[in-house]
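Overview (structure and organization)
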Amino acid sequence: MLEKTGIATREQIEKLLPSPGRRAEGPYAVMECFQKIPCNPCSTSCAFHAILPMDDINDIPSVTPDKCTGCGACAAVCPGLAIFIIDESKGGGTGTVTLPYEFRPLPGIGETVKAVNRAGEVVGDAVVTRVLPGKKTKTPLVTIEVPLSLVHEVRFIRCEAHQEEDPSVADTLREIPAPPQTADIGEQDDEVVICRCEGVTLREIRDLIREGYTTVDEIKRISRAGMGPCQARTCGPLIAAEIARMTGEPLGSVAPSAHRAPVKPLPIEFFLGGDTE
Ligand code: SF4
Ligand code: SF4
């Protein structure tokens, strides 16, 4: 189910929750991180050692609820935006959800926003009670108050009125240049960055083609274009298009770069038989 929809089931969420007694005591972290991926900032960020050490970086994080204070430090550093701080101890039939919110403008304290579930559906209204701007981590945390019945449902907010009112949001989006398309690569300025992961410009690609590097793999090896986290998803077709344009070869005859399956990173001593020197 999760693999097909990206949405965790109720059973999967319930397995992550602490005991009812711990839930009534105060805030706690829920880590909706279900797959083995090479990632561990949550574990290293917890000053209370509430997240079990991840001996293997691919381990799935696991919280010890009795050590967790609900401070939210882990939620602010999780690149997967997968950590939520839940507080069911307030009483009065409401609880709070603290969630990562990487949009601008940030909502204001006291603002009523739409509460959204994991499927992106609006399930009710929520009131913003705290906003941490995330100056250091770049991930703001927004705390909202919702009916207690929704604390395990709501995982995002929509501030529609706020965004419609603020023209700077639309202006900012207009200012972000779209990446070039393969069809118009020839019209592009030399200084356009073709490989955003490795910061390689079109000028560098063109210089290499003039020097005689006329396959995507050759250019990748010599410039590092395509070796970053996106693994040439964006720059690969653009480099192929520029090779075709400059050499006059049909685009279909320019071989794409070799792709390898993602593998787990290994320390260099693994290849040296344990020798670390
Ligand atoms: S909320 Fe704070 S104490 Fe709890 S796991 Fe995250 S960093 Fe640790
Ligand atoms: S930081 Fe977030 S995505 Fe990475 S392992 Fe921890 S919970 Fe999962």
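Next up on the list: the overall build of the protein. Counting its regular elements, the protein contains 11 helices and 9 strands. Every one of the 277 residues in the protein was classed for burial, and the buried ones make up 36%. Taking all contacts inside the protein whose residues are at least 6 apart in sequence as the whole, residues at least 24 apart take part in 56%. With the model as given, the accessible surface of the protein reaches about 16,100 Å², and the carbon-plus-sulfur share is 55%.

Quick look at the site of ligand 2 now. In the region of ligand 2, the neighbouring residues are C33, C39, P41, C42, P61, C78, P79 and I83. In terms of residue class, the shell around ligand 2 is built from 8 nonpolar, no polar and no charged.

Let us look at the sheet that holds strand β6 (residues 141–147). Strand order in this open sheet of 7 strands is β1-β2-β3-β6-β5-β4-β7, and the pairing throughout is antiparallel. One side of each edge strand has no neighbouring strand; the edge strands of this open sheet are β1 (28–31) and β7 (154–158). Within the sheet, the average angular offset between the axes of one strand and its neighbour, ignoring direction, is 40 degrees. For strand β4 (residues 112–117) and β7, the ladder comprises 4 bridges, and the chain directions are antiparallel. Residue pairing in the sheet places V116 in a bridge with F156 of β7.

Right, let's talk about the side chain of R155 for a bit. Residue placement: R155 occurs in strand β7. Given a relative accessible area of 7%, R155 falls into the buried group. Apart from the residues lying within four places of it in its own chain, the contact partners of R155 are E32, F84, I86, V97, L99, V116, N117 and R118.

Taken as a whole and judged by the stated rule, the model has 3 aromatic pairs. Centre to centre, the rings of F103 and F156 are 5.8 Å apart; their planes meet at 65 degrees, and the pair counts as edge-to-face. Of this pair, F103 sits in the loop between β3 (94–100) and β4 while F156 sits in strand β7, and the two are 53 residues apart along the sequence. Residue class for F156 comes out partly exposed when judged on its relative accessible area of 26%. One aromatic cluster in this structure is built from Y101, F103 and F156. The ring of F84 has R155 sitting right over it, with the charged end atom 4.8 Å from the ring centre.

When the charged atoms of two side chains lie near each other, side chains of opposite charge can form a pair. According to the stated counting rule, one finds 14 salt bridges in the structure shown. The shortest N-O distance in the salt bridge between E153 and R10 comes to 2.8 Å. In this pair, E153 is assigned in the loop between β6 and β7 and R10 in helix α2 (residues 10–14), connecting sequence segments 143 residues apart. A salt bridge links D125 to K114; its shortest N-O distance comes to 3.1 Å. Of this pair, D125 sits in strand β5 (residues 122–132) while K114 sits in strand β4, and the two are 11 residues apart along the sequence. Salt bridges linked by common partners bring D190, E191, R203, R206, E242 and R245 together as one network.

With that out of the way, let us pick up the nonpolar core. Among the nonpolar cores identified, the biggest contains 21 residues, and I194, I205, I219, I239 and I243 are the most heavily contacted of them. Counting residues per element, this core draws most heavily on helix α10 (residues 235–247), at 7 residues. In terms of nonpolar packing, the next biggest core, distinct from the first, is built from 20 residues, V30, I86, V142 and V154 among them.

Scoring rules and cut-offs
Residues numbered from 1 in each chain as written. Chains lettered and ligands numbered in written order. Predicted model: local features only at pLDDT ≥ 70, side-chain atom pairs only at ≥ 80, totals over all residues. Heavy atoms only, no water. Helix = DSSP H or I, 4+ residues; strand = E, 2+ residues; numbered from the N terminus. Buried < 20%, exposed > 50% of the residue type's maximum accessible area, 1.4 Å probe, protein only. Contact = heavy atoms within 4.5 Å. Areas by Shrake-Rupley, 256 points an atom, 1.4 Å probe, with all protein chains shown as cover. Near = heavy atom within 4 Å. Nonpolar A, V, L, I, M, F, W, Y, C, P; charged D, E, K, R; others polar. Pairing = 2+ DSSP bridges. Axes fitted to C-alpha atoms, helices over the stretch in contact; angles between N-to-C directions. Phe/Tyr/Trp six-rings, centres within 6.5 Å; stacked < 30°, edge-to-face > 60°. Lys NZ or Arg CZ within 6 Å of the ring centre and 35° of its normal. Salt bridge = Lys/Arg side-chain N within 4 Å of Asp/Glu carboxyl O. Core = buried A, V, L, I, M, F, W, Y, C linked by side-chain atoms within 4.5 Å.

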